[in-house]
Amino acid sequence: MEIVHIVGARPQFIKAAPVVRALQRRGAGQLLVHTGQHYDREMSEVFFKELDLPEPDLNLEVGSGTHGVQTARMLERIEAALLKRRPDWVVVYGDTNSTLAGALAACKLGLGVAHIESGLRSYNRSMPEEHNRVLADHCADLLLCPTQTAVDNLRREGVRARIELVGDTMYDAILSFLPRARKPAFADKLKLKPQAYLLATIHRPYNTDNPEALIALVDALSAAGEPVVFPTHPRTRARLTEFAPDFASRASTIYFVPPVGYLEMLWLERNARLILTDSGGVQKEAYFLARPCVTLRPETEWVETVQAGWNRLARGKDEILQAVAGDSWPTGSPPPLFGDGRAADRIAEALSKVPKA
Ligand code: UD1
Ligand code: UDP
């Protein structure tokens, strides 16, 4: 069996790591293709090192660009790579432009497409991720869903291809890597005390690309009255520098640090009193680690975490501050909604039935 994985953005390295390992155990032929969507060391290379992922076999070096340019470059280069290899499966992850380009290139060549983290929906069509995931799902031959909600979403859309509920590979990853969680060097310098700081990440265009929205978020974090560790995505740093060049000095309780590696992020998440984020992956990790999460979005794909009471949606300063100050968060262990930590094994099993056999 021959498998080509298409990855390109930070969360995809994390989602792919357990799958690559499960397939290695089965002796499958694998080719890891990095589109080059993320390229800074701290957005890419660090994850390959920390997650024991093999170096990419191929880096397509597409870099940044508008959606059309970036996706088109990927499509052209992925097609050329697939034509050389003609694998049984092309595996795509999540909902980025790399996901869409991989699914589309493979589907047009008549190759089997497997979509991991299939079936997620925000029903917010202004999000680039929503286009990517809907289109990838409708290209795919094998839809590998993390939750029952995702399966139900696909059934409602009348998807006819093979759908399997496998669990979430980010849950597999956290179970493997949490014992290696590592305190960042800046933690002592900042005198971070467990359960006495907030952790924030923001990178969605509707939060970062509008000056009013971004400045309002920073003001809300500043007004929380607690130290905030803010690993800053390059998109967000660029927008902050553009809209409020004095952002770091204006918000003295917010520590804008560069993006951290996965092991340091796990340490920061586990020890935070509360997490504020617009990230999909970080919402889930907050849930896995039983940390209260405030999602800085009008909606979320991970509705189960909200229903379970561990995640609250908040937009606007008042809502955010209310959620941060709130003390009615659940306690104990959240119900296991994302599988049993063996999603990657189930995926490897599902891939052993090749599509065109
Ligand atoms: C992308 C995904 C998003 C995902 C996120 C994970 C799309 C449409 N969006 O968003 O779904 O949640 O990755 O982090 O695929 N940049 C750098 N260095 C890098 C990468 C990016 O400086 O290594 C800067 C560039 O200025 C670039 C901007 O960040 O234009 C945005 O990068 P891009 O990959 O287009 O989108 P993300 O916001 O990272
Ligand atoms: N992450 C990380 N360092 C950071 C920020 C995030 O390792 O500075 C990890 C985080 O733990 C999670 C993943 O990146 O596993 C989430 O990726 P991101 O927020 O970029 O994208 P999304 O999940 O929203 O697509």
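Below you will find a few notes about this structure.

Notes on the site of ligand 1
Within the structure, ligand 1 sits among 20 residues, and His38, Tyr39, Asn97, Glu129 and Arg235 are positioned closest to it. Here an oxygen atom of ligand 1 and a side-chain polar atom of His203 are 2.8 Å apart. Within the side chain of Arg204, a nitrogen or oxygen atom sits 3.4 Å from an oxygen atom of ligand 1. Contact with the protein chains removes 85% of the 740 Å² of surface that ligand 1 exposes when unbound. Going through the elements one at a time, helix H3 (67-85), helix H5 (128-139) and helix H11 (234-243) are the ones with two or more residues in the shell around ligand 1. Along the lines of polarity and charge, the residues of the shell around ligand 1 split into six nonpolar, nine polar and five charged.

Let's talk about the pairing of strand E7 (residues 162-165)
One face of the sheet, then the other: side chains in a regular strand alternate in exactly this way. Across four bridges, strand E6 (residues 142-145) lies against E7 in parallel orientation. Residue pairing for E7: Leu144 is matched across the bridge by Glu164. Of the crossover connections in this fold, the one passing from E6 over helix H6 (residues 148-156) to the parallel E7 is right-handed.

Observations concerning the site of ligand 2
With respect to spatial proximity, 19 residues lie near ligand 2, and among them Arg204, Val260, Ser279, Gly281 and Glu285 are the closest. One nitrogen or oxygen atom from the side chain of Arg204 is found 2.6 Å from an oxygen atom belonging to ligand 2. Contact distances for ligand 2 include 2.5 Å between an oxygen atom and a side-chain N or O atom of Glu285. Contact with the protein chains removes 96% of the 530 Å² of surface that ligand 2 exposes when unbound. Taken together, the elements giving at least two residues each to the shell around ligand 2 come down to helix H1 (10-25), helix H13 (262-271) and helix H14 (280-288). Here the shell around ligand 2 takes four residues from H14, the largest share from any one element.

As for the sheet that holds strand E10 (residues 254-257)
Read from one edge of the open sheet, six strands run E10-E9-E8-E11-E12-E13, paired in parallel fashion. The strands lining the two open edges of the sheet, one partner per strand, are E10 and strand E13 (311-313). Direction aside, neighbouring strands of the sheet carry axes that sit 20° apart on average. Examined bridge by bridge, strand E11 (residues 274-277) and strand E12 (residues 293-295) share three bridges and lie parallel to one another. Within the sheet, the bridge partner assigned to Thr277 lies in E12 and is Thr295. Where helix H10 (residues 211-223) meets the sheet, it contacts strand E8 (198-201), strand E9 (228-231), E10 and E11, and its direction lies at approximately 125° from that of E10. Sheet strands in contact with H13 are E8, E9 and E11, and its direction is about 130° off that of E8.

Quick word on the sheet that holds strand E5 (residues 112-116)
The seven strands lie next to each other as E3-E2-E1-E4-E5-E6-E7, forming an open sheet whose pairing is parallel. Among the strands making up the open sheet, the edge pair consists of strand E3 (58-59) and E7. Lying over the sheet, H3 contacts strand E1 (2-7), strand E2 (29-34), E3 and strand E4 (89-93), oriented at roughly 170° with respect to E1. Taken strand by strand, H6 contacts E6 and E7, and its axis lies near 160° from that of E7.

A look at the nonpolar core
Counting 90 residues, the largest nonpolar core has Leu51, Leu82, Tyr262, Leu268 and Leu351 as the members making the most contacts within it. Per-element tally for this core: the top contributor is H1, with eight residues. When near neighbours in sequence (up to four residues on either side) are disregarded, Leu51 contacts Phe13, Ile14, Ala17, Arg21, Phe177 and Tyr262. Residues Phe230, Leu240, Ala251 and Val324 belong to the second largest nonpolar core, which totals 26 residues.

Let's talk about the packing of aromatic side chains
Scanning the entire structure with this criterion turns up nine aromatic pairs. Aromatic pair Phe13 and Phe48: ring centres 4.8 Å apart, planes at 50°, arrangement tilted. Of this pair, Phe13 sits in helix H1 while Phe48 sits in helix H2 (residues 45-50), and the two are 35 residues apart along the sequence. A relative accessible area of 0% means that Phe13 is categorised as buried. Looking at Phe48, the relative accessible area reads 5%, which means it is buried. Ring geometry for Tyr287 and Phe338: centres 5.6 Å apart, planes at 65°, overall edge-to-face. In this pair, Tyr287 sits in helix H14 while Phe338 sits in the loop between helix H16 (317-325) and helix H17 (343-351), placing the two residues 51 residues apart along the sequence.

Conventions and cut-offs
Residues numbered from 1 in each chain as written. Chains lettered and ligands numbered in written order. Predicted model: local features only at pLDDT ≥ 70, side-chain atom pairs only at ≥ 80, totals over all residues. Heavy atoms only, no water. Near = heavy atom within 4 Å. Polar contact = N/O pair within 3.5 Å; in protein donor to acceptor, adjacent residues only side chain to side chain. Areas by Shrake-Rupley, 256 points an atom, 1.4 Å probe, with all protein chains shown as cover. Helix = DSSP H or I, 4+ residues; strand = E, 2+ residues; numbered from the N terminus. Nonpolar A, V, L, I, M, F, W, Y, C, P; charged D, E, K, R; others polar. Pairing = 2+ DSSP bridges. Right-handed = clockwise from strand over helix to strand, strands pointing away. Axes fitted to C-alpha atoms, helices over the stretch in contact; angles between N-to-C directions. Contact = heavy atoms within 4.5 Å. Core = buried A, V, L, I, M, F, W, Y, C linked by side-chain atoms within 4.5 Å. Buried < 20%, exposed > 50% of the residue type's maximum accessible area, 1.4 Å probe, protein only. Phe/Tyr/Trp six-rings, centres within 6.5 Å; stacked < 30°, edge-to-face > 60°.

Any functional reading would require information beyond the geometric quantities listed.
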